[in-house]
Amino acid sequence: MFKDYMDIKPEVAEALSAGKPVVALESTIISHGMPYPKNVETARAVENVIRENGAVPATIAIIKGRIKVGITDEELEYIATAKNVAKVSRRDYPIVLSQQMDGATTVAGTMIAAEAAGIRLFVTGGIGGVHRGAAESHDISADLEELKTTDVVVVCAGVKSILDIGGTLEYLETAGVPVVTYGTDDFPAFYSSKSGFKAEYRFDDPKQAAAAIRAKYDMGLRGGMLIACPVPEKYEMPFDEMEKIIGQALRECDEKGISGKRITPFILDRVKQLTGGESLEANIHLVLNNADIGSKIAADLSK
Ligand code: PSU
Ligand code: MN
């Protein structure tokens, strides 16, 4: 059974059985998405924001073949610094678990474990999506398929323009995933608050979000929900400037023949270099903001 592979941290297990709010967090953002030690500092700060709002954080990662739902500070340090940490999406689980490997879970990987643990809401930075040129490369993140089937709400800062944002929104529509912006009509583009696309629906407070999530569960509708929060204005980066930088990083990616699951980490790192670290600051603050909003929604949901 699934739970034979999973260790739920006592604090998380207690909160779940008492019906207290719990917020899941992913670990790919720690191991593959940000450099050390900013990754560890950010992960800690995110957990603190969630606690301040009365919820319990559950960062999900795989350590020596065990799925950890909620990690200790030592485990966080380990996953942030260990060599050969696999990036774990749905297809990676059977091998990583059976071979006792270390793994960092993506959005898809985290949703799978969160659902199994009974956690309904998950906070991250950005999700994977339909890549530019996907008609030829077929590069569409497994995150989208997961949102179609797995019952976990994902709070993010929209979709980065390293992806085909319009294509990603079309895919989510086909998959039957509710996409809702938070406090804005504009669908955010991760580093920027506007992408040029609008979402069909918006929430303006945690209560509205929790009510919609409750309705989804009450109806027994399978699949996730995507709540997109704009990066705080102070840390926002101009969309056009980011388009140029991302374009360059994508060309380099092509020239170097980087493919598959290595694309996203490569681009994130190059964008960080090309913006002189500014994109990393935006990334950190948008995750903190999502954690604030997500944990308030989780708190309302557990009422
Ligand atoms: N976007 C980010 N930071 C990240 C990721 C995406 O800004 O760390 C990670 C997430 O874990 C996401 C994954 O689920 O990349 C998507 O990878 P792929 O495109 O290979 O499915
Ligand atoms: Mn891909």
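Computed from a predicted model, the values in this text were never measured in an experiment.

1. Digging into the overall build of the chain
Within the chain, the regular secondary structure consists of 13 helices and 11 strands. Since a compact globule built from 303 residues should have a radius of gyration of about 19 Å, the 18 Å found for the chain is in line with a globular shape. Principal-axis analysis of the C-alpha atoms gives the chain an extent of 50 × 40 × 35 Å. In the chain, buried positions account for 54% of the 303 residues. The long-range share in the chain, meaning contacts at least 24 apart out of those at least 6 apart in sequence, stands at 74%. Within the structure as shown, the chain displays about 13,200 Å² of accessible surface, and the carbon and sulfur contribution to it stands at 51%. Both charge centroids of the chain, one from 34 positive and one from 43 negative side chains, sit 3 Å from each other.

2. Section: the state of the cysteines
With the rule as written, the count across this model stands at 0 disulfides. Looking at the unpaired Cys229, the closest cysteine sulfur is the one in Cys156, lying at 7.2 Å.

3. Re the packing of aromatic side chains
The description of two aromatic rings rests on the distance between their centres and on the angle between their planes. According to the stated counting rule, one finds 1 aromatic pair in the structure shown. Arranged with centres 4.8 Å apart and planes meeting at 85 degrees, the rings of Phe190 and Tyr191 form a pair that is edge-to-face. Here Phe190 and Tyr191 have matching classes, each one buried. One residue, Arg120, lies across the ring of Tyr217, its end atom 3.7 Å from the ring centre.

4. Some remarks on the site of ligand 1
Neighbouring ligand 1 are 17 residues; Glu26, Val107, Ser141, Asp143 and Lys160 lie closest to it. The contact in question runs from an oxygen atom of ligand 1 to an N or O atom on the backbone of Val107, over 2.8 Å. Within the side chain of Thr264, a nitrogen or oxygen atom sits 3.2 Å from an oxygen atom of ligand 1. For ligand 1, the accessible surface in isolation is 470 Å², of which the surrounding protein chains cover 93%. Elements supplying a minimum of two residues to the shell around ligand 1: α2 (28-31) and α12 (263-274).

5. Looking at the side chain of Ser141
Checked against the element boundaries, Ser141 lands in the loop between α7 (134-137) and α8 (142-149). With a relative accessible area of 17%, Ser141 lands in the buried category. At a separation of 3.0 Å, a polar atom in the side chain of Ser141 contacts the main-chain amide nitrogen of Asp143. Contact partners of Ser141, with chain neighbours within four places excluded, come to Gly128 and Gly129.

Rules of the game
- Residues numbered from 1 in each chain as written.
- Chains lettered and ligands numbered in written order.
- Predicted model: local features only at pLDDT ≥ 70, side-chain atom pairs only at ≥ 80, totals over all residues.
- Heavy atoms only, no water.
- Helix = DSSP H or I, 4+ residues; strand = E, 2+ residues; numbered from the N terminus.
- Rg over C-alpha atoms; globule rule 2.2 N^0.38 Å.
- Buried < 20%, exposed > 50% of the residue type's maximum accessible area, 1.4 Å probe, protein only.
- Contact = heavy atoms within 4.5 Å.
- Areas by Shrake-Rupley, 256 points an atom, 1.4 Å probe, with all protein chains shown as cover.
- Lys, Arg positive; Asp, Glu negative; His and termini not counted.
- Charge placed at Lys NZ, Arg CZ, Asp CG, Glu CD.
- Disulfide = S-S within 2.5 Å.
- Phe/Tyr/Trp six-rings, centres within 6.5 Å; stacked < 30°, edge-to-face > 60°.
- Lys NZ or Arg CZ within 6 Å of the ring centre and 35° of its normal.
- Near = heavy atom within 4 Å.
- Polar contact = N/O pair within 3.5 Å; in protein donor to acceptor, adjacent residues only side chain to side chain.

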